[in-house]
Amino acid sequence: EKMALESIYPSTFSSTTDPPTLILTIRAGVTLTAVIPKDSLYPFAVPLFLLHAEKDAKGLAPASEDPELRLRMQREVCVHANELMEQSPGIPLLHEVAEWVKDTLLPCFSVKKKKKLNTSAAAAGTDAKASQ
């Protein structure tokens, strides 16, 4: 898996050995880390995924300043990784999870999307008040 990740992400992937850790910068200010404990059965068990979004990550809601948002994003990563493992036990997960974070999770937490959601919520509140 490490060799495949190095070839797919030549300038944004790194790793360490103790404990085995795979680190992938998804985009500026957003890093996904997979820590594989020494007693882990990976790839038949989900590694510990850590999503780090800096507060200045371009276009992303200020996750570092909002613990609830940071926790929601981390939870979504873990849920998705567990779902992938249930669907296909034994598959290398970092690439799949990283692409999902980039294509699905981050757009849900982008500043533009958040503003749109707030506008929709405000409109829904106005409609609810009008119907009362």
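Residues numbered from 1 in each chain as written. Predicted model: local features only at pLDDT ≥ 70, side-chain atom pairs only at ≥ 80, totals over all residues. Heavy atoms only, no water.

**Digging into the pattern of salt bridges**
So, point 1. Scanning the entire structure with this criterion turns up 3 salt bridges.
So, point 2. When the shortest N-O distance is used, the salt bridge between Lys 38 and Asp 18 registers 2.9 Å. Remark: Asp 18 occurs in the loop between β1 (13–17) and β2 (20–27) and Lys 38 occurs in the loop between β3 (30–35) and β4 (48–53); sequence separation between them is 20 residues. Accessibility assignment for this pair places Lys 38 and Asp 18 in one class, exposed.
So, point 3. When the shortest N-O distance is used, the salt bridge between Arg 75 and Glu 76 registers 3.9 Å.
So, point 4. Judged by its relative accessible area of 52%, Arg 75 falls in the exposed class. (Salt bridge = Lys/Arg side-chain N within 4 Å of Asp/Glu carboxyl O. Helix = DSSP H or I, 4+ residues; strand = E, 2+ residues; numbered from the N terminus. Buried < 20%, exposed > 50% of the residue type's maximum accessible area, 1.4 Å probe, protein only.)

**Thoughts on the sheet that holds β3**
So, point 1. Reading across the sheet, the 4 strands line up as β1-β2-β3-β4 and stay open at both edges, with antiparallel pairing between neighbours. Of all strands in the sheet, those with a lone pairing partner are β1 and β4, marking the two edges. Within the sheet, the average angular offset between the axes of one strand and its neighbour, ignoring direction, is 15°.
So, point 2. Two elements, β1 and β2, share 5 bridges in a ladder whose sense is antiparallel. (Pairing = 2+ DSSP bridges. Axes fitted to C-alpha atoms, helices over the stretch in contact; angles between N-to-C directions.)

**Some remarks on helix α2 (residues 67–87)**
So, point 1. In a regular helix each residue adds 1.5 Å, so 21 residues correspond to 30 Å; α2 covers 30 Å between its end C-alpha atoms and thus fits that length.
So, point 2. By the burial criterion, the buried members of α2 are Leu 69, Met 73, Gln 74, Val 77, His 80, Ala 81, Leu 84 and Met 85. In a view along the axis of α2, the buried residues occupy a sector of 150°, so they form one face of it. The outward face of α2, more than 90 degrees from its buried face, is lined by the exposed residues Glu 68, Leu 71, Arg 75, Glu 86 and Gln 87.
So, point 3. Those residues of α2 that are buried are in contact with β3, β4 and α3 (94–108). (Expected span 1.5 Å × (residues − 1). Arc of directions from axis to C-beta. Contact = heavy atoms within 4.5 Å.)

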